[in-house]
Amino acid sequence: MAKSGNQKGKLLYLAEIFHRETDEAHGLTLAELTERLAAYGVQAERKTLYADMEELRRCGLDIDSWKEGREYRYRLASREFELPELKLLVDAVQASRFITESKSRSLIKKLESLVSVHDARQLQRQVLIAGRVKTMNESIYYNIDKLHSAIGEGKQIRFQYFQWTVEKKEALRRDGGWYCVSPWHLRWDDENYYLIAYDAEADRVKHYRVDKMKRITLLEAPRLGQERMARFDPAVYTRRLFGMYGGQPVRVTLEGENEMVGVLIDRFGKEVPVLPVDGARFQAFVDVAVSPQFLGWVAGLGGGLRIVSPEPVVQKMQALVQRLAEQYCAPDGDKTSV
């Protein structure tokens, strides 16, 4: 029997067929495998297929079979990623605001290629991206790659930074001037990617939204701040910030009802110091950057937690409550509920 020019790729084609068309619940008979290979211009016989599948097993493919009626069906029984794992990854892609809608669809399409066409339909049913708030900066993926390179090579970077105007247009900060910093960490927090860097001019650790960085350039100068960053804990840094708004950390005492302990642990971790006040209440001590976002977080708990000290932070909360009360005051002077 004459062999076609595609015979050399027979094992590759057969592996692709198993990956694409079979899974734990779906298999192919020898006749169906022969038919699929013929579509690639490859001739196969029963005896050679047995040998080919054994060779694929030696290469690491988990091929097994089961009897259905009078025939055996062959399948790829396991893969590097299980379907539930890929569903989690799809959910993460969908939920990530820093990934644009078009890139989300592209990434999910690639994830689908890791399972059979049958299981891919289960991932497709989860694709509900339209209408979600997503970043509009498609260059973020290249920004992240450049920043990883700069961190890995220990180089300083320069970039421009923008903010949105009321006209929904990008406006460069510093009138288009360049930022020059030493990059040390990338953090994904509050559904956004942030660069944590050392600013030598200000002698401070600062953070920047990666999707708002433009024209990132790696410099030849080695990065600075080794001594400062040797004592730096990125997890502690981001835990102290609310909405990644900066500020000097302050030790704040919070008091609340016992059932609110879980809220504090979710936000600050199990290390947060907690002392019982009586059988129903406790006090906790947290180091935070006191910002409107922190005050709003406390207010949003509906009185479940209140700030006890220090007095300047208590006064900031009182001023916020007063300002909100005045802002929502009815025209006749009666205050609506805030």
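Help me get a handle on the environment of Asn192, residues and values and all.
Within the secondary structure, Asn192 is located in strand 6 (residues 192–199). Look at Asn192 and you get buried, because its relative accessible area is 8%. Each C-alpha atom, one on Asn192 and one on Phe98, is 5.5 Å from the other, the two residues being 94 residues apart in sequence. What Asn192 contacts, discounting residues up to four positions off in sequence, is Arg187, Arg209 and Asp211.

Pulling in residues and values, what's your account of the sheet that holds strand 12 (residues 305–309)?
Here 4 strands make up an open sheet; going across it, the order is 10-11-9-12 and the pairing antiparallel. Each having just a single partner strand, strand 10 (274–276) and strand 12 make up the two edges of the open sheet. Across this sheet, the average inter-strand angle for adjacent strands is 30°, counted without regard to direction. Pairing analysis gives 9 bridges linking strand 9 (residues 249–257) to strand 11 (residues 281–289), with the strands arranged antiparallel. Its bridge partner being in strand 11, Thr253 is matched across the sheet by Phe285. Across the face of the sheet, helix 12 (residues 311–327) comes into contact with strand 9 and strand 12 while running at roughly 140° to strand 12.

Break down the side chain of Glu21 for me, citing the residues and quoting the values.
By the secondary structure assignment, Glu21 is in helix 1 (residues 10–21). With relative accessibility at 16%, the residue Glu21 sits in the buried group. Among the polar contacts made by the side chain of Glu21, one reaches the side chain of Arg36 at a distance of 2.8 Å. Apart from the residues within four sequence positions on either side, Glu21 is in contact with His26, Leu28, Arg36, Ser116 and His118.

About the cut-offs
Here the residue numbering is sequential within each chain, running from 1 through the sequence in written order. Whole-chain, interface and lining totals are the exception, using all residues; otherwise, since this is a predicted model, local features are given only for residues with pLDDT of at least 70 and side-chain atom pairs are given and counted only at 80 or more. The side-chain figures draw on all heavy atoms in the structure; neither hydrogens nor water molecules are used. Secondary structure elements are defined from DSSP: runs of H or I of at least 4 residues count as helices, runs of E of at least 2 residues count as strands, and each element is numbered from the N terminus. Three exposure classes are used, based on accessible area relative to the maximum for each residue type with a 1.4 Å probe and protein chains only: buried under 20%, partly exposed in between, and exposed over 50%. Any two residues having at least one pair of non-hydrogen atoms within 4.5 Å are treated as being in contact. Only when DSSP finds a minimum of two bridges between them are two strands counted as paired. What counts as an axis is a line fitted to C-alpha atoms, over the stretch in contact for a helix, and the angles between N-to-C directions run from 0 to 180 degrees. Any pair of nitrogen or oxygen atoms within 3.5 Å is treated as a polar contact; in protein, a donor-acceptor pairing is required on top of that, and neighbouring residues in sequence qualify only through side-chain atoms on both sides.

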